[in-house]
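Listed below, chain by chain, are the residues.
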Amino acid sequence: MSFNDSENNNTSTAGNALRIFFSCLIVYAFFTNDYLTTNDASRFSLTAAIVDTGGPEITNVLPRVISPGWKIRDFARSGDRIFSDKAPLGSFLAVPVYFIASRAGLPLNWIVFFVSLFTTGVCTALTAVLIYEIVQMLVDDERRAVTIALVYGLGTMALFYGTVFFSSAITACCGLASFYCLARVQAGRGAAGLAAAGGLLAGAAVLSDYYAAITAVCLLGYAVAGRRYIAQTLLGFAVAVSLLLLYNTWAFGAPWPLSYSYSYLYDQLHSTGFYGISLPSAGNATRLIRVLFSGWGFFFTNIVVVFSIAGFRRFMLFRRQAAMVLFMALGYLYFNSCESWLDAYSARFFMPLLPFLMLPLTFIDFSNRWLRNAFCFLSGFSLIINFGGADRFLREFMGAQYRPGMNNLAGAFLGSRGIDIGFFNFIFPLIIILFVWFIPSRKPRITTDK
């Protein structure tokens with residue numbers, strides 16, 4: 001069975017795509033950080049250095065931008081100079097936003113807010129829209145497509161990573177966007193240019209997170225198996241990799257090795273095997289079990305993924321797509337068994353895989369009342385968990401007293417005025433979202449030839 005046998009996905013409406021996008025972005029704006037932690041301060045510093053100094057060195061930038069209470073540990077050292085230890089794509093994407101916000105004279109916390117929202121927030125909302133579009137390439141079911149897209153955007157750990165200037169959401173977006181382009185090419189709805197874009201986006205995922213090479217290999221394998229515009233796809237990928245090598249040369253004076261080799265934490269995190277990827281051991285299994293099943297682990301914050309297992313058998317009718325997702329899942333399971341931890345929110349190194357795990361949900365048998373009710377219940381539970389988690393984790397000052405329901409825009413505004421309504425703050429974005437969905441779609445005007 002080939003991907004998208006029919007033209008049924010023409011029932012897709014731009015109106016619902018926009019509703020999904022703005023529903024997600026409203027929630028992300030509600031929770032978005034206006035401070036920088038150990039991780040994102042390094043990435044933000046590179047953006048600031050590019051705009052303010054025209055170079056990649058962050059020696060004097062990082063201490064200035066990191067928020068009080070957070071330790072400076074994520075950086076790379078080359079000689080006496082300090083650089084970001086992160087893959088650079090997120091920093092590059094933030095340059096226009098940082099330039100506009102900083103030149104407008106905004107204080108640092110608002111610059112951080114807008115940089116986070118218009119990079120990771122926008123990327124995560126776009127990923128939800130892409131899920132909506134891809135589901136409709138699989139089945140002709142608008143309601144199902146909307147549901148799965150919103151479950152991803154609001155009921156998984158994608159919500160949290162859409163609110164902080166980490167790379168995870170950007171990587172996930174690049175990977176799924178690559179698949180969308182390549183899938184359209186395989187369905188005969190795209191030519192060489194779209195194939196090249198698919199390859200470029202696969203490479204961009206690596207430019208965002210080095211370990212997303214797992215995603216890229218699986219996507220390129222999918223493209224090669226499809227036998228359409230393979231050379232153009234590989235060329236697009238090569239362009240992205242070349243940009244990474246050019247950045248390494250710019251910052252460190254040589255295209256190789258990766259910035260992790262210069263990292264302050266290299267001996268602690270990346271010195272074993274190939275940048276931390278080692279042969280299997282008992283410790284691997286222990287680490288993986290903890291990351292998957294512990295409190296705030298992968299399945300706790302993304303519990304709807306269990307339904308992907310139920311839908312995967314029917315998803316296997318699309319053999320190449322199912323094989324790609326399966327190999328990708330195995331790759332990320334192995335990677336997380338070697339190098340993963342619950343250091344921010346849930347198992348963030350699974351984020352590049354997460355949108356692909358939404359696709360088998362398309363084939364859940366909702367005619368089964370028990371399965372349908374279980375899916376609705378657990379989706380609602382996951383939404384509550386992730387709203388609460390976005391409010392709870394990465395508070396402004398490490399060790400500060402946690403005030404439930406107050407770590408968001410409404411909480412900050414009301415709290416500064418001595419008003420503490422806790423989780424009732426969540427009603428504000430929900431009201432706005434309801435308004436978004438009640439706006440009627442503009443129906444296309446039908447004309448007839450005379």
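About the cut-offs
- Residues numbered from 1 in each chain as written.
- Predicted model: local features only at pLDDT ≥ 70, side-chain atom pairs only at ≥ 80, totals over all residues.
- Heavy atoms only, no water.
- Helix = DSSP H or I, 4+ residues; strand = E, 2+ residues; numbered from the N terminus.
- Rg over C-alpha atoms; globule rule 2.2 N^0.38 Å.
- Buried < 20%, exposed > 50% of the residue type's maximum accessible area, 1.4 Å probe, protein only.
- Contact = heavy atoms within 4.5 Å.
- Areas by Shrake-Rupley, 256 points an atom, 1.4 Å probe, with all protein chains shown as cover.
- Lys, Arg positive; Asp, Glu negative; His and termini not counted.
- Charge placed at Lys NZ, Arg CZ, Asp CG, Glu CD.
- Core = buried A, V, L, I, M, F, W, Y, C linked by side-chain atoms within 4.5 Å.
- 1 Å grid on protein atoms, 1.4 Å probe; cavity = no way out; pocket = protein on both sides within 12 Å on 5 of 7 lines; lining within 4 Å.
- Points joined across faces, edges and corners; volume = space filled by probe spheres on them.
- Nonpolar A, V, L, I, M, F, W, Y, C, P; charged D, E, K, R; others polar.
- Axes fitted to C-alpha atoms, helices over the stretch in contact; angles between N-to-C directions.
- Parallel < 35°, antiparallel > 145°, perpendicular 65-115°, else oblique.
- Phe/Tyr/Trp six-rings, centres within 6.5 Å; stacked < 30°, edge-to-face > 60°.
- Salt bridge = Lys/Arg side-chain N within 4 Å of Asp/Glu carboxyl O.
- pLDDT = per-residue confidence, 0-100.

**Description of the overall build of the protein chain**
Helix and strand counts for the protein chain come out as 21 helices and two strands. Taking 22 Å as the expected radius of gyration for a compact globule of 450 residues, we find that the protein chain reaches 22 Å, a close match to that expectation. The dimensions of the protein chain, computed from C-alpha atoms along their principal axes, are 70 × 60 × 55 Å. Scored against the burial criterion, the 450 residues of the protein chain give a buried share of 54%. Once local pairs closer than 6 in sequence are excluded, the contacts in the protein chain between residues at least 24 apart make up 76%. A total accessible area of about 19900 Å² is found for the protein chain, and carbon and sulfur atoms account for 65% of it. Where the 32 positive side-chain charges of the protein chain centre and where its 22 negative ones centre are 6 Å apart.

**Let's talk about the nonpolar core**
Counting 138 residues, the largest nonpolar core has Tyr-161, Phe-179 and Phe-350 as the members making the most contacts within it. No other element matches the 17 residues that helix H6 (residues 108-138) contributes to this core. Excluding residues within four positions of it along the chain, Tyr-161 makes contact with Thr-120, Thr-124, Phe-166, Ser-168, Ala-169, Ala-344, Tyr-345, Ser-346, Arg-348 and Met-351. With seven residues, the next largest nonpolar core counts Leu-46, Phe-83, Ala-251 and Phe-252 among its residues.

**Re the environment of Ala-172**
Mapped onto the fold, Ala-172 is located in helix H9 (residues 168-186). Considering only alpha carbons, one finds Ala-172 and Thr-47, 125 residues apart in sequence, at a separation of 20 Å.

**A short note on the layout of surface pockets**
Space inside the largest pocket adds up to approximately 1100 Å³. If you go around the largest pocket, you meet 50 residues; those closest to its centre are Tyr-211, Tyr-260, His-270, Glu-339 and Phe-349. Only helix H2 (38-53), helix H10 (192-208), helix H11 (213-226), helix H12 (230-252), helix H13 (266-270) and helix H17 (319-338) provide two or more residues apiece to the lining of the largest pocket. Each residue belonging to the lining of the largest pocket can be placed in one class, and the counts come to 30 nonpolar, ten polar and ten charged.

**Considering the packing of helix H7 (residues 142-155) against helix H19 (residues 369-392)**
Packed helices, taken two at a time, are described by the angle between their axes plus the distance between the axes. H19 packs onto H7 with a crossing angle of 30° between their chain directions and a minimal axis gap of 9 Å. In terms of orientation, H7 and H19 fall into the roughly parallel class. Of H19, the residues touching H7 (which contributes Thr-147, Val-151, Leu-154 and Gly-155) are Phe-375, Ser-379, Ser-382, Leu-383, Asn-386 and Phe-387. For the contact of H7 with H19, the class distribution of residues is five nonpolar, five polar and no charged.

**Digging into the packing of aromatic side chains**
The tally for this structure, following the rule as stated, stands at 42 aromatic pairs. Each ring, one from Trp-296 and one from Tyr-345, has its centre 5.8 Å from the other, and the planes form 55°; the classification is tilted. A residue pair is termed long-range when its members are at least 10 positions apart, and Trp-296 in the loop between helix H14 (282-293) and helix H15 (298-301) and Tyr-345 in the loop between H17 and helix H18 (354-357) qualify at 49 residues. Residues Trp-296 and Phe-393 carry aromatic rings whose centres are separated by 5.0 Å and whose planes lie at 70° to one another, so their mutual orientation is edge-to-face.

**Overview of the pattern of salt bridges**
According to the stated counting rule, one finds seven salt bridges in the structure shown. A salt bridge links Arg-103 to Asp-52; the shortest N-O distance between them is 3.2 Å. Within this pair, whereas Arg-103 is found in helix H5 (residues 95-103), its partner Asp-52 is found in helix H2, the two being separated by 51 residues in sequence. Accessibility expressed as a relative area gives 46% for Arg-103, which makes it partly exposed. Two residues, Arg-144 and Asp-141, come together in a salt bridge whose shortest N-O distance is 3.3 Å. Each of Asp-74, Asp-85 and Lys-86 takes part in salt bridges that share partners, so that together they form one network.

**Details of the environment of Arg-403**
The topology assignment puts Arg-403 in the loop between H19 and helix H20 (409-415). Considering only alpha carbons, one finds Arg-403 and Phe-423, 20 residues apart in sequence, at a separation of 9.6 Å. If near-sequence neighbours (up to four positions away) are discounted, Arg-403 is found in contact with Asp-391, Gly-415 and Asp-420.

**A short note on the confidence of the model for the protein chain**
Scored by pLDDT, the protein chain comes out at a mean of 91, with 94% of its residues at no less than 70. Across residues 5-12, confidence stays below pLDDT 50; counting only partners more than four residues off in sequence or on other chains, it has 15 contacts. Contacts from residues 444-450, a stretch scored under 50 in pLDDT, to residues over four places away or in other chains number zero contacts.

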